[in-house]
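# Topology and contacts: notes
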Amino acid sequence: MKRSLLGTPIAASEITPREIFEQRRTLIRAAAAGVFGAALSPWFARSAFAQTGAATGLAKLAAKANAQYLPKDKLTRYKDATTYNNYYEFGTDKADPALHAQTLITRPWTVAVEGHVKNPKVYDIDELMKLAPLEERVYRLRCVEGWAMVIPWTGVPLAQLIRRLEPTADAKYVEFITLADQKQMPGVSVPVLAWPYVEGLRLDEAMNPLTLLAFGLYGEVLPKQNGAPVRLVVPWKYGFKSAKSIVRIRFTETEPKTSWHVAAPSEYGFYANVNPAVDHPRWSQAKEFRIGESGDLFSPKVKTLPFNGYAEQVASLYTGMDLKRFF
Ligand code: MTE
(Lines give C-alpha, C1' and ligand atoms only; values in the text may rest on other atoms or scores of the structure.)
Protein backbone atom coordinates (compact mmCIF):
# COMPACT_ATOMS: atom_id res chain seq x y z
CA MET A 1 0.00 0.00 0.00
CA LYS A 2 1.40 3.36 -0.99
CA ARG A 3 0.26 6.35 0.92
CA SER A 4 1.04 9.86 -0.07
CA LEU A 5 1.37 11.24 3.40
CA LEU A 6 3.66 14.12 2.77
CA GLY A 7 1.74 17.28 3.17
CA THR A 8 -1.45 15.82 4.60
CA PRO A 9 -2.73 18.95 6.27
CA ILE A 10 -2.80 18.40 9.98
CA ALA A 11 -2.61 21.22 12.48
CA ALA A 12 0.84 21.52 14.02
CA SER A 13 -0.79 21.29 17.43
CA GLU A 14 -2.03 17.77 16.59
CA ILE A 15 1.23 16.35 15.36
CA THR A 16 3.61 17.93 17.82
CA PRO A 17 3.87 17.01 21.46
CA ARG A 18 2.13 19.59 23.58
CA GLU A 19 5.33 20.43 25.43
CA ILE A 20 7.10 21.39 22.22
CA PHE A 21 4.13 23.31 20.95
CA GLU A 22 3.99 25.29 24.13
CA GLN A 23 7.71 25.98 24.00
CA ARG A 24 7.08 27.57 20.63
CA ARG A 25 4.79 30.07 22.25
CA THR A 26 7.64 30.95 24.60
CA LEU A 27 9.88 31.27 21.59
CA ILE A 28 7.56 33.75 19.92
CA ARG A 29 7.77 35.90 23.00
CA ALA A 30 11.55 35.55 23.10
CA ALA A 31 11.77 36.42 19.43
CA ALA A 32 9.58 39.46 19.95
CA ALA A 33 12.00 40.54 22.66
CA GLY A 34 14.80 40.41 20.09
CA VAL A 35 16.64 37.39 21.45
CA PHE A 36 17.51 36.18 17.96
CA GLY A 37 18.18 39.62 16.58
CA ALA A 38 21.72 39.54 15.24
CA ALA A 39 22.91 36.04 16.01
CA LEU A 40 26.27 35.30 14.42
CA SER A 41 28.46 32.24 14.54
CA PRO A 42 29.07 30.39 16.81
CA TRP A 43 25.35 30.00 16.91
CA PHE A 44 25.18 27.75 19.88
CA ALA A 45 26.77 30.35 22.13
CA ARG A 46 24.04 32.84 21.50
CA SER A 47 20.83 31.35 20.37
CA ALA A 48 19.81 27.74 20.24
CA PHE A 49 21.56 26.29 23.22
CA ALA A 50 21.44 29.46 25.19
CA GLN A 51 17.67 29.25 24.74
CA THR A 52 17.21 25.63 25.63
CA GLY A 53 20.11 25.06 27.97
CA ALA A 54 20.35 21.76 26.11
CA ALA A 55 23.52 19.72 26.11
CA THR A 56 23.33 17.60 22.99
CA GLY A 57 26.55 15.66 23.48
CA LEU A 58 27.18 16.02 19.75
CA ALA A 59 30.64 16.88 18.43
CA LYS A 60 31.29 20.49 17.49
CA LEU A 61 32.20 21.21 13.88
CA ALA A 62 34.62 24.04 13.25
CA ALA A 63 33.59 26.05 10.22
CA LYS A 64 33.92 29.56 8.91
CA ALA A 65 30.67 31.46 8.55
CA ASN A 66 30.20 32.35 4.90
CA ALA A 67 29.42 36.10 4.89
CA GLN A 68 27.15 35.68 1.87
CA TYR A 69 24.75 33.58 3.89
CA LEU A 70 24.32 35.27 7.22
CA PRO A 71 20.86 35.20 8.78
CA LYS A 72 18.28 37.55 7.30
CA ASP A 73 15.44 35.93 9.22
CA LYS A 74 15.10 34.71 12.77
CA LEU A 75 16.76 31.35 13.24
CA THR A 76 14.58 28.37 13.97
CA ARG A 77 15.08 27.19 17.51
CA TYR A 78 17.44 24.20 17.71
CA LYS A 79 14.88 22.22 19.63
CA ASP A 80 12.25 22.76 16.94
CA ALA A 81 14.65 21.96 14.09
CA THR A 82 15.52 18.67 15.75
CA THR A 83 12.13 17.48 16.98
CA TYR A 84 9.85 18.41 14.07
CA ASN A 85 11.24 16.26 11.28
CA ASN A 86 10.43 14.32 8.17
CA TYR A 87 12.51 11.17 8.04
CA TYR A 88 10.07 8.41 7.17
CA GLU A 89 12.61 5.63 7.67
CA PHE A 90 12.00 6.35 11.36
CA GLY A 91 8.24 6.91 11.22
CA THR A 92 5.82 9.34 9.66
CA ASP A 93 4.96 11.44 12.69
CA LYS A 94 6.95 14.66 13.03
CA ALA A 95 8.14 13.55 16.48
CA ASP A 96 9.17 10.02 15.36
CA PRO A 97 12.65 10.72 13.94
CA ALA A 98 13.91 12.35 17.15
CA LEU A 99 12.49 9.45 19.15
CA HIS A 100 13.61 6.56 16.93
CA ALA A 101 16.63 7.65 14.88
CA GLN A 102 19.04 7.11 17.73
CA THR A 103 19.49 3.51 16.46
CA LEU A 104 21.16 4.84 13.31
CA ILE A 105 24.84 3.89 13.21
CA THR A 106 26.80 6.72 11.60
CA ARG A 107 30.37 5.33 11.93
CA PRO A 108 31.84 3.67 10.00
CA TRP A 109 30.02 5.25 7.05
CA THR A 110 30.95 5.38 3.40
CA VAL A 111 29.58 7.26 0.43
CA ALA A 112 30.12 5.55 -2.92
CA VAL A 113 30.43 7.90 -5.88
CA GLU A 114 29.84 6.17 -9.19
CA GLY A 115 28.37 6.32 -12.68
CA HIS A 116 29.51 8.65 -15.42
CA VAL A 117 32.63 10.07 -13.74
CA LYS A 118 36.31 9.72 -14.54
CA ASN A 119 37.21 9.21 -10.89
CA PRO A 120 34.66 6.99 -9.13
CA LYS A 121 35.51 6.53 -5.49
CA VAL A 122 34.19 5.22 -2.20
CA TYR A 123 34.71 7.93 0.39
CA ASP A 124 34.92 7.33 4.07
CA ILE A 125 32.73 9.96 5.68
CA ASP A 126 35.64 11.48 7.60
CA GLU A 127 37.59 11.82 4.37
CA LEU A 128 34.60 13.40 2.65
CA MET A 129 34.34 15.98 5.42
CA LYS A 130 37.93 17.04 4.82
CA LEU A 131 37.57 17.50 1.08
CA ALA A 132 37.18 21.23 1.35
CA PRO A 133 37.05 23.74 4.20
CA LEU A 134 33.74 23.48 6.02
CA GLU A 135 31.50 26.50 5.72
CA GLU A 136 28.60 27.63 7.80
CA ARG A 137 25.64 29.05 5.88
CA VAL A 138 22.23 30.08 7.04
CA TYR A 139 19.57 28.82 4.62
CA ARG A 140 15.82 28.95 4.60
CA LEU A 141 14.30 25.54 3.90
CA ARG A 142 10.66 25.32 2.78
CA CYS A 143 8.78 22.04 3.08
CA VAL A 144 6.10 21.18 0.52
CA GLU A 145 3.76 20.82 3.51
CA GLY A 146 3.79 24.56 4.10
CA TRP A 147 6.26 25.00 6.93
CA ALA A 148 9.71 26.52 6.76
CA MET A 149 12.84 26.72 8.88
CA VAL A 150 15.92 28.94 9.00
CA ILE A 151 18.98 26.92 9.94
CA PRO A 152 22.75 27.45 10.12
CA TRP A 153 24.13 24.47 8.19
CA THR A 154 27.73 23.31 8.12
CA GLY A 155 28.97 21.70 4.94
CA VAL A 156 30.75 22.03 1.63
CA PRO A 157 29.37 23.07 -1.73
CA LEU A 158 28.59 19.89 -3.63
CA ALA A 159 30.25 21.43 -6.70
CA GLN A 160 33.63 21.07 -5.00
CA LEU A 161 33.18 17.30 -4.78
CA ILE A 162 31.80 17.05 -8.30
CA ARG A 163 34.79 18.91 -9.80
CA ARG A 164 37.13 16.37 -8.25
CA LEU A 165 35.18 13.46 -9.66
CA GLU A 166 35.20 14.84 -13.19
CA PRO A 167 31.82 13.86 -14.62
CA THR A 168 31.98 12.67 -18.23
CA ALA A 169 29.92 14.16 -21.06
CA ASP A 170 27.23 11.53 -20.42
CA ALA A 171 26.57 12.78 -16.88
CA LYS A 172 23.36 14.82 -17.05
CA TYR A 173 21.91 14.16 -13.58
CA VAL A 174 23.05 13.27 -10.09
CA GLU A 175 21.17 10.67 -8.09
CA PHE A 176 21.35 10.54 -4.29
CA ILE A 177 20.61 7.19 -2.69
CA THR A 178 20.16 6.99 1.05
CA LEU A 179 20.48 4.25 3.63
CA ALA A 180 17.63 1.74 3.89
CA ASP A 181 18.46 -0.77 6.60
CA GLN A 182 15.54 -2.49 8.30
CA LYS A 183 17.73 -3.37 11.27
CA GLN A 184 18.38 0.27 12.06
CA MET A 185 15.31 1.90 10.60
CA PRO A 186 11.90 0.71 11.79
CA GLY A 187 10.06 2.72 9.11
CA VAL A 188 11.69 0.77 6.27
CA SER A 189 9.39 -2.17 7.07
CA VAL A 190 6.42 0.05 6.25
CA PRO A 191 5.87 0.55 2.50
CA VAL A 192 5.08 4.26 2.67
CA LEU A 193 7.66 4.79 -0.08
CA ALA A 194 9.68 2.39 -2.23
CA TRP A 195 12.90 2.31 -0.22
CA PRO A 196 15.63 3.42 -0.37
CA TYR A 197 14.71 7.10 -0.39
CA VAL A 198 16.11 8.47 -3.63
CA GLU A 199 16.50 12.05 -4.76
CA GLY A 200 18.08 13.68 -7.77
CA LEU A 201 19.18 16.90 -9.37
CA ARG A 202 20.14 17.97 -12.84
CA LEU A 203 23.93 18.27 -13.02
CA ASP A 204 23.82 22.06 -13.31
CA GLU A 205 21.56 22.24 -10.23
CA ALA A 206 23.97 20.02 -8.33
CA MET A 207 26.83 22.29 -9.41
CA ASN A 208 25.06 25.49 -8.39
CA PRO A 209 27.03 27.17 -5.59
CA LEU A 210 23.98 27.06 -3.31
CA THR A 211 23.77 23.25 -3.25
CA LEU A 212 25.33 22.05 -0.04
CA LEU A 213 26.51 18.68 1.19
CA ALA A 214 25.81 19.19 4.87
CA PHE A 215 27.49 17.46 7.81
CA GLY A 216 26.18 19.63 10.59
CA LEU A 217 23.78 22.22 11.89
CA TYR A 218 24.09 24.81 14.60
CA GLY A 219 27.85 24.29 14.80
CA GLU A 220 27.63 20.58 15.62
CA VAL A 221 27.49 17.34 13.65
CA LEU A 222 24.03 16.55 12.29
CA PRO A 223 21.65 15.01 14.78
CA LYS A 224 20.56 11.60 13.48
CA GLN A 225 17.00 12.76 12.92
CA ASN A 226 18.27 15.51 10.61
CA GLY A 227 20.11 13.09 8.34
CA ALA A 228 23.45 12.23 9.95
CA PRO A 229 26.13 11.84 8.90
CA VAL A 230 25.62 13.56 5.54
CA ARG A 231 22.63 15.07 3.76
CA LEU A 232 21.85 17.38 0.95
CA VAL A 233 20.51 20.92 1.39
CA VAL A 234 19.00 22.48 -1.72
CA PRO A 235 17.41 25.65 -0.41
CA TRP A 236 15.46 26.77 -3.49
CA LYS A 237 13.63 23.43 -3.68
CA TYR A 238 11.03 21.87 -1.42
CA GLY A 239 12.54 20.08 1.54
CA PHE A 240 11.99 16.59 0.16
CA LYS A 241 14.84 17.15 -2.31
CA SER A 242 17.26 17.38 0.65
CA ALA A 243 18.01 13.65 0.98
CA LYS A 244 19.21 12.47 4.39
CA SER A 245 21.87 9.92 5.31
CA ILE A 246 23.31 9.54 1.81
CA VAL A 247 25.27 6.37 0.99
CA ARG A 248 25.59 6.62 -2.80
CA ILE A 249 25.95 9.45 -5.29
CA ARG A 250 25.50 8.35 -8.89
CA PHE A 251 26.00 10.34 -12.08
CA THR A 252 23.42 9.33 -14.65
CA GLU A 253 22.39 10.09 -18.18
CA THR A 254 18.67 9.89 -17.49
CA GLU A 255 16.46 11.58 -14.90
CA PRO A 256 16.64 9.65 -11.62
CA LYS A 257 13.44 8.02 -10.38
CA THR A 258 12.99 9.99 -7.21
CA SER A 259 10.95 8.58 -4.34
CA TRP A 260 8.16 11.11 -3.95
CA HIS A 261 7.77 11.56 -7.68
CA VAL A 262 7.42 7.81 -8.14
CA ALA A 263 4.94 7.57 -5.22
CA ALA A 264 2.68 10.39 -6.42
CA PRO A 265 3.77 11.90 -9.76
CA SER A 266 0.87 14.34 -9.97
CA GLU A 267 1.74 15.79 -6.56
CA TYR A 268 5.54 15.83 -6.43
CA GLY A 269 7.53 16.77 -9.50
CA PHE A 270 11.16 15.99 -10.18
CA TYR A 271 12.13 19.67 -10.08
CA ALA A 272 10.22 20.62 -6.92
CA ASN A 273 11.32 24.24 -7.09
CA VAL A 274 9.60 26.33 -4.45
CA ASN A 275 6.94 28.15 -6.43
CA PRO A 276 4.07 30.09 -4.84
CA ALA A 277 2.38 30.28 -8.27
CA VAL A 278 2.07 26.50 -8.66
CA ASP A 279 -0.20 24.95 -6.06
CA HIS A 280 0.07 21.41 -4.87
CA PRO A 281 -3.08 19.65 -6.21
CA ARG A 282 -4.46 19.50 -2.66
CA TRP A 283 -3.39 22.84 -1.18
CA SER A 284 -1.97 26.25 -1.95
CA GLN A 285 1.76 26.95 -1.91
CA ALA A 286 1.32 30.75 -1.70
CA LYS A 287 2.15 31.05 2.00
CA GLU A 288 4.12 29.31 4.70
CA PHE A 289 4.60 29.36 8.42
CA ARG A 290 7.92 29.26 10.17
CA ILE A 291 8.33 26.39 12.59
CA GLY A 292 8.20 27.75 16.10
CA GLU A 293 6.41 30.93 15.12
CA SER A 294 2.79 31.83 14.83
CA GLY A 295 0.63 30.13 12.24
CA ASP A 296 0.13 26.52 11.28
CA LEU A 297 -0.83 24.52 8.24
CA PHE A 298 -4.31 26.04 8.27
CA SER A 299 -3.18 29.63 8.71
CA PRO A 300 0.25 30.14 7.19
CA LYS A 301 1.37 33.71 7.66
CA VAL A 302 4.42 34.42 5.54
CA LYS A 303 4.33 34.82 1.75
CA THR A 304 6.35 32.16 -0.02
CA LEU A 305 8.87 33.59 -2.47
CA PRO A 306 9.70 32.12 -5.89
CA PHE A 307 12.62 29.74 -5.51
CA ASN A 308 12.27 30.27 -1.76
CA GLY A 309 13.92 33.68 -2.09
CA TYR A 310 16.96 32.43 -4.03
CA ALA A 311 15.72 33.43 -7.50
CA GLU A 312 18.71 35.66 -8.16
CA GLN A 313 21.09 32.70 -7.82
CA VAL A 314 19.03 30.01 -9.56
CA ALA A 315 16.26 31.36 -11.82
CA SER A 316 18.61 31.28 -14.83
CA LEU A 317 18.86 27.49 -14.51
CA TYR A 318 15.27 27.30 -15.78
CA THR A 319 15.22 29.91 -18.54
CA GLY A 320 12.68 28.94 -21.18
CA MET A 321 11.17 26.14 -19.10
CA ASP A 322 7.46 26.01 -18.33
CA LEU A 323 7.62 25.75 -14.55
CA LYS A 324 3.94 24.77 -14.33
CA ARG A 325 4.69 21.69 -16.39
CA PHE A 326 8.09 20.98 -14.84
CA PHE A 327 6.97 21.51 -11.25
N1 MTE B 1 15.53 11.93 3.51
C2 MTE B 1 15.23 10.65 3.81
N3 MTE B 1 16.19 9.72 3.69
N4 MTE B 1 13.99 10.29 4.24
C5 MTE B 1 12.98 11.20 4.36
O6 MTE B 1 11.84 10.83 4.73
N7 MTE B 1 12.31 13.55 4.13
C8 MTE B 1 12.51 14.77 3.33
C9 MTE B 1 13.95 15.29 3.44
N10 MTE B 1 14.91 14.20 3.37
C11 MTE B 1 13.26 12.57 4.05
C12 MTE B 1 14.58 12.90 3.64
C13 MTE B 1 11.58 15.83 3.65
S14 MTE B 1 9.98 15.59 3.15
C15 MTE B 1 11.97 16.98 4.27
S16 MTE B 1 10.88 18.28 4.45
C17 MTE B 1 13.31 17.15 4.82
O18 MTE B 1 14.10 15.96 4.69
C19 MTE B 1 13.18 17.49 6.29
O20 MTE B 1 14.42 17.75 6.85
P21 MTE B 1 14.49 18.12 8.42
O22 MTE B 1 13.77 17.05 9.16
O23 MTE B 1 15.94 18.21 8.76
O24 MTE B 1 13.77 19.42 8.55
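Each chain has its residues counted from 1, following the order in which its sequence is written. Under the rules for a predicted model, residues below a pLDDT of 70 receive no local features and side-chain atom pairs below 80 are neither given nor counted, while totals for whole chains, interfaces and linings still include all residues. As a rule here, side-chain values come from all non-hydrogen atoms in the structure, and water together with hydrogens is ignored.

## Describing the overall build of the protein chain
For the protein chain, the count of helices and strands is 11 helices and 13 strands. In the protein chain, buried positions account for 57% of the 327 residues. Once local pairs closer than 6 in sequence are excluded, the contacts in the protein chain between residues at least 24 apart make up 72%. By definition, any uninterrupted DSSP run of H or I lasting at least four residues is a helix, any uninterrupted run of E lasting at least two residues is a strand, and each is numbered from the N terminus. Buried residues are those whose accessible area, probed at 1.4 Å on protein chains only, stays under 20% of the maximum for their type, while exposed residues exceed 50% and partly exposed ones sit between those limits. Whether two residues touch is decided by their heavy atoms; if any such pair falls within 4.5 Å, the residues are in contact.

## Considerations on the packing of aromatic side chains
Note on ring pairs: Phe, Tyr and Trp rings are taken, using the six-membered ring of Trp, and paired if centres are within 6.5 Å. Classes follow the plane angle, with under 30 degrees stacked, over 60 edge-to-face and the rest tilted. Taken as a whole and judged by the stated rule, the model has 13 aromatic pairs. With 5.1 Å between their ring centres and 65° between their planes, Trp260 and Tyr268 make a pair best called edge-to-face. Centre to centre, the rings of Tyr271 and Tyr318 are 6.1 Å apart; their planes meet at 90°, and the pair counts as edge-to-face. Of this pair, Tyr271 sits in the loop between helix H10 (259–263) and strand E12 (287–290) while Tyr318 sits in the segment after helix H11 (311–314), placing them 47 residues apart in sequence. Of the two residues, Tyr271 and Tyr318, both sit in the buried class. One aromatic cluster is present, built from ring pairs that chain together Tyr173, Phe270, Tyr271, Phe307, Tyr318 and Phe326. Geometry around Tyr310 places Arg140 over its ring, the cationic atom sitting 4.7 Å from the centre. The criterion is that NZ of a Lys, or CZ of an Arg, lies within 6 Å of the ring centre and within 35 degrees of the ring normal, and then a charge sits over that ring.

## Examining the site of the ligand
Asn85, Tyr88, Glu89, Arg231 and Lys244 are the nearest of the 18 residues found near the ligand. Identification of polar contacts relies on pairs of N or O atoms within 3.5 Å, with a donor-acceptor requirement for protein atoms, meaning one able to donate a hydrogen and the other able to accept it, and with residues adjacent in sequence counted only if both atoms are side-chain atoms. Taking Asn86, its main chain carries an N or O atom lying 3.3 Å from a nitrogen atom of the ligand. The separation between a nitrogen atom of the ligand and a polar main-chain atom of Ser242 is 2.8 Å. For this classification, the nonpolar set comprises Ala, Val, Leu, Ile, Met, Phe, Trp, Tyr, Cys and Pro, the charged set comprises Asp, Glu, Lys and Arg, and every other residue, Gly included, is treated as polar. For the shell around the ligand, the per-class residue count stands at nine nonpolar, six polar and three charged. When we say a residue is near a molecule or strand, we mean one of its heavy atoms is within 4 Å of it.

## Observations concerning helix H8 (residues 158–165)
When H8 is considered as a whole, its buried residues turn out to be Leu158, Ala159, Leu161, Ile162 and Leu165. Angular distribution of buried residues about the axis of H8 spans 160°; they occupy a single face of the element. Backbone geometry just downstream of H8 places Glu166 in the positive-phi region, at approximately 55°. Within this analysis, the arc is defined by the directions that extend from the helix axis to the C-beta atoms.

## A look at the nonpolar core
Counting residues in hydrophobic clusters, the biggest one holds 89 residues, and the most contacted among them are Trp153 and Phe251. It is strand E5 (residues 147–157) that contributes the most residues to this core, six residues altogether. For Phe251, the residues in contact, after removing those within four places along its chain, are Val113, Glu114, Gly115, His116, Val117, Ile162, Leu165, Pro167, Ala171, Tyr173, Val174 and Leu203. In plain words, nonpolar cores are sets of buried Ala, Val, Leu, Ile, Met, Phe, Trp, Tyr and Cys residues tied together by side-chain atoms within 4.5 Å.

## Observations concerning the environment of Leu179
By the element assignment, Leu179 lies in the loop between strand E6 (173–178) and strand E7 (198–202). On the basis of relative accessibility, which here comes to 16%, the residue Leu179 falls in the buried class. The contacts of Leu179, once residues within four sequence positions are left out, are Glu89, Leu104, Trp109, Gln184, Met185, Ser245 and Val247.

## A word on the sheet that holds strand E2 (residues 110–115)
Here, any two strands with at least 2 DSSP bridges between them count as paired. Spatial ordering of the open sheet is given by E3-E2-E11-E6-E7, a layout of five strands whose pairing is mixed. Sheet topology places strand E3 (121–124) and E7 at the edges, where each strand pairs with a single neighbour. On average, each strand axis in the sheet is inclined to that of its neighbour by 15°, with strand direction left out of account. Angles shown run from 0 to 180 degrees and are taken between the N-to-C directions of axes, each axis being a line fitted to C-alpha atoms and, for helices, limited to the stretch in contact.

## Focus on the confidence of the model for the protein chain
Each residue carries a pLDDT value, the predictor's own confidence for that position, ranging from 0 to 100. Predicted confidence across the protein chain gives a mean pLDDT of 87, with 84% of residues reaching 70 or more. The low-confidence segment residues 9–40 (pLDDT under 50) makes 51 contacts with residues lying over four places distant or belonging to another chain. Note that pLDDT drops below 50 for residues 44–53; the model gives that stretch 26 contacts with residues more than four away or on any other chain.

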